[in-house]
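Next come the chains, spelled out residue by residue.
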Amino acid sequence: MPAPSQPFRIAHISDTHVLSPTGVEWRRVLFNKRITGYANLLLHRGRVYRREYLDAVVAAAAAQADHVVVTGDIANLALESEFDEALALFSDLARSVEVTVVPGNHDIYLPAIHRERRFPHHFGSFLHSDLPQYAIDLPAGRFPCVKLRGPTAIIALSSAVPRPPFVSAGYLGADQLDALAALLDHPEVKRRLPVVLVHHPPVDARMRILRLRDGLVDAAALRRTLGGLERGMLLFGHIHLRVRCRLPTAAGSLDVIAASGAALDHPSDSVRAGFNLYEIGGDGRIASVESHVVDASGRSLRRVTIAETAGCA
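First things first, this report covers the structure right here in the doc. Since this is a predicted model, take the numbers as computed values, not measurements. (Residues numbered from 1 in each chain as written. Predicted model: local features only at pLDDT ≥ 70, side-chain atom pairs only at ≥ 80, totals over all residues. Heavy atoms only, no water.)

## Points about the overall build of the chain
Stated formally: Each helix corresponds to a stretch of at least 4 residues labelled H or I by DSSP, and each strand to a stretch of at least 2 residues labelled E; elements are numbered beginning at the N terminus. Note on exposure labels: buried denotes an accessible area under 20% of the residue type's maximum, exposed denotes more than 50%, and partly exposed covers the range between, all computed with a 1.4 Å probe on protein chains only. Contacts: residue pairs with any heavy atoms within 4.5 Å of one another. Calculation of accessible area relied on Shrake-Rupley with a 1.4 Å probe; when residues are assessed, cover is drawn exclusively from the protein chains displayed.
Scanning the chain from N- to C-terminus turns up ten helices and 14 strands. Counting across all 313 residues of the chain, residues that qualify as buried make up 57%. Of the contacts made within the chain by residues no fewer than 6 positions apart, 70% connect residues no fewer than 24 positions apart. In the form shown here, the chain has an accessible surface area of approximately 12,900 Å², with 55% of it arising from carbon and sulfur atoms.

Encoded structure:
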């Protein structure tokens, strides 16, 4: 098979936090972790979430990309009505462009949701792997999921696990990381640019107690697994902030990039609703990285740069 030669554009959306269109039923939020999330919704997220912004972001991403990736926190309280609403949104998007999603902590909010496999029930259609023999069976679905598209290998991971109230940390686990290591050694993956998707931040310079509260618990193990790559992209969400840094590896470096919440009303361009757009050349090199942010009208988007730090801590 000849090497891919055409440029490929990936739109990166994250943290859509789709709200229930019918409101919240008290019987589904009382006496479990959802009550804390509902309180946060009333105090904070409900004021900054704009569904019209999300619709504008999704439409613009579909118009400009060959593939759309969503790095988790699709829902807000993991209610069935939220999942149904998000599924309708992404199914409509998938009529014009391919979509890949990974779960976030808000999508696996309660142990019962994890146990009953609600995420793969709703979003499994966006996670059909080209190399399914490398996937392991998790309550959130079968991961790693890889899609070989043009000059890229889009690799979806699940860091979403149920946690107690006030804790939102993620965990990949040794089995998933071992599967990822084997997948990265496949010839069809090795000749492409790996684009790894995960919800929680793979780099985090904060104190350990804070990482255990809301970071990626085994981020160091993920970095070791990716440590032999010459180049690649590591995309994530969770922090509601657009950031970019370069993570050194034994053979080169990885571009580590976060997307902000896709529906947030915020004055700062680093937070405000939008999506990131990455163009990958036919040779697998990253040609451009930019963000498209909802403008003051709320109906169209404008292009902005993503601030790059000198290095990943």
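## Some details on the sheet that holds strand E3 (residues 98-102)
To be explicit about the condition: Criterion used throughout: strands pair if DSSP finds at least two bridges between them. Fitted lines through C-alpha atoms serve as axes, helices being fitted only where they are in contact, and the angles separating the N-to-C directions of these axes extend from 0 to 180 degrees.
Reading across from one edge, E3-E2-E1-E12-E13-E14 is the order of the six strands in this open sheet, with mixed pairing throughout. Whereas interior strands pair on both sides, the edge strands pair on one side only; in this sheet they are E3 and strand E14 (301-304). With strand direction ignored, the average angle separating the axes of adjacent strands in the sheet is 25°. Across seven bridges, strand E12 (residues 274-280) lies against strand E13 (residues 286-294) in antiparallel orientation. Note that in E13 the partner of glycine 274 across the bridge is valine 293. Against the sheet, helix H3 (residues 51-64) engages strand E1 (8-13), strand E2 (67-71), E12, E13 and E14, with an angle of about 10° to E12.

## Looking at the pairing of strand E11 (residues 253-258)
A large share of E11 lies buried, amounting to six of its six residues. Residues of E11 alternate between two faces, with Ser253, Asp255 and Ile257 on one and Leu254, Val256 and Ala258 on the opposite face, all of them buried. When strand E9 (residues 233-236) meets E11, the two strands line up parallel, connected through four bridges. When the sheet's bridge partners are listed, phenylalanine 236 is paired in E11 with alanine 258. Note that strand E10 (residues 243-248) and E11 share six bridges and pair antiparallel. Note on E11: the bridge partner recorded for cysteine 245 is valine 256. Between E10 and E11, which follow one another and run antiparallel, lie four residues.

## Observations concerning the pattern of salt bridges
What counts is decided by this rule: Basic side-chain nitrogens of Lys or Arg form a salt bridge, by our definition, when they fall within 4 Å of a carboxyl oxygen of Asp or Glu.
Evaluated as defined, the whole model comprises 22 salt bridges. Among the ionic pairs, glutamate 188 bridges to arginine 192, the shortest N-O distance being 2.6 Å. Judged by its relative accessible area of 22%, glutamate 188 is partly exposed. Among the ionic pairs, arginine 206 bridges to aspartate 204, the shortest N-O distance being 2.9 Å.

Geometry only, nothing functional implied.
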